[in-house]
Amino acid sequence: MAALNRFVRAAAGTAARRAMSAVASESGARMPASIARAGLAVPEVRRVPAERNVQWVFLGCPGVGKGTYASRLSQFLGVPHIATGDLVRKELSSAGPLAGQLEEIVNKGKLLPDEVIIDLLSKRLESGGAKGESGFILDGFPRTIRQAEILEGVMDIDLVVNLKLREEVLIEKCLGRRVCNECGKNFNVASINLKGENGRPGISMAPLPPPPQCASKLITRADDTEDVVKERLRVYHELSEPVEEFYRSRGKLLEFDLPGGIPESWPKLLQALNLVDHDEKQSAAA
Ligand SMILES: Nc1ncnc2c1ncn2[C@@H]1O[C@H](COP(=O)(O)OP(=O)(O)O)[C@@H](O)[C@H]1O
């Protein structure tokens, strides 16, 4: 647990603090051209120091699309997309000594202990840093106030994007999610069409079909059953929602209501992040 110790000691402000921030900001640190172009002169929360890449966090309920948009944005900005859910699933498939116990927790829709997650994340950041990675988009972390406090103690998080969707859509999206067991990409068979009511706008989301090479390799996550999804939502409201306030009170939270599927949401998200200038809006929509 050396990596965990380093992360936790870092939170207390020891020498490891410098090591962890070095991991996040060393070699090749630069401002991506897209950000430089966009200027990021808008709200304070979107300021990124010129000497390093972005360090952003995606928050949001299960099924909201954190993985989809964090992954797109990471390609757009040239920074790694680090999803703790993916790290957990990799660990579960590794047949390590703890895999069985961890799997039981995950499949009940509960959160893993903070220490386990911090260990996985710390190792991932270290190996990325050794390969010259800089900056990140974190997805699925932090999910508790304690995780947020530890992260805040060791890294400068520039911006936290809070994705939001109606709860009935979240459940349908989780139940419709399929994952390619070879490349790990997510697809969705759900076709969502909810009418607006009581002042709320309607929402339509087309299915996200897999390409032919993934079509025969699709699996459903063991924690994407209706009961487990409802438990994950309950856990989110109880333990993870307070993390939104943690960042809101620090002026770092950007709330983003998804207006629909990827074709409508992606260009609007880029605009909300001030990552496209006027000429680029057309091509971003493509
Ligand atoms: N930061 C975290 N803290 C505790 N447990 C986590 C964390 N990230 C992932 N997990 C575990 O991995 C599971 C899957 O995570 P993820 O793919 O992010 O799910 P979701 O679709 O619910 O956002 C979670 O339900 C939880 O058991």
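Above this note sits the structure.
Residues numbered from 1 in each chain as written. Predicted model: local features only at pLDDT ≥ 70, side-chain atom pairs only at ≥ 80, totals over all residues. Heavy atoms only, no water.

## A short note on the site of the ligand
- For the ligand, the set of nearby residues contains 18 residues, the closest of which are Thr84, Arg89, Lys110, Gly140 and Arg232.
- Take Arg232: an N or O atom from its side chain is 2.9 Å from an oxygen atom of the ligand.
- In isolation the ligand offers 560 Å² of accessible surface; the protein chains occlude 96% of this area.
- For the shell around the ligand, the class distribution of residues is seven nonpolar, four polar and seven charged. (Near = heavy atom within 4 Å. Polar contact = N/O pair within 3.5 Å; in protein donor to acceptor, adjacent residues only side chain to side chain. Areas by Shrake-Rupley, 256 points an atom, 1.4 Å probe, with all protein chains shown as cover. Nonpolar A, V, L, I, M, F, W, Y, C, P; charged D, E, K, R; others polar.)

## Some details on the packing of aromatic side chains
- Under the counting rule described, the total for this entry stands at two aromatic pairs.
- For the ring pair Phe76 and Trp266, a centre distance of 6.1 Å and an interplane angle of 85° mean the geometry is edge-to-face. Taken as a pair, Phe76 in helix H4 (residues 66-77) and Trp266 in helix H12 (residues 262-272) lie far apart in primary sequence, 190 residues in all.
- The buried category is assigned to Trp266, whose relative accessible area is 8%. (Phe/Tyr/Trp six-rings, centres within 6.5 Å; stacked < 30°, edge-to-face > 60°. Helix = DSSP H or I, 4+ residues; strand = E, 2+ residues; numbered from the N terminus. Buried < 20%, exposed > 50% of the residue type's maximum accessible area, 1.4 Å probe, protein only.)

## Observations regarding the sheet that holds strand E6 (residues 186-188)
- Strand order in the open sheet formed by three strands is E6-E5-E9, with antiparallel pairing between adjacent strands. Either end of the sheet is taken by a strand with one partner, and the two such strands are E6 and strand E9 (218-219).
- Relative to E9, strand E5 (residues 177-180) runs antiparallel, the two being bridged by two bridges. Paired with Cys180 across the two strands is Leu218, which belongs to E9.
- In the packing of helix H9 (residues 167-176) onto the sheet, contacts are made with E5 and E6, and the angle to E5 comes to roughly 35°. (Pairing = 2+ DSSP bridges. Contact = heavy atoms within 4.5 Å. Axes fitted to C-alpha atoms, helices over the stretch in contact; angles between N-to-C directions.)

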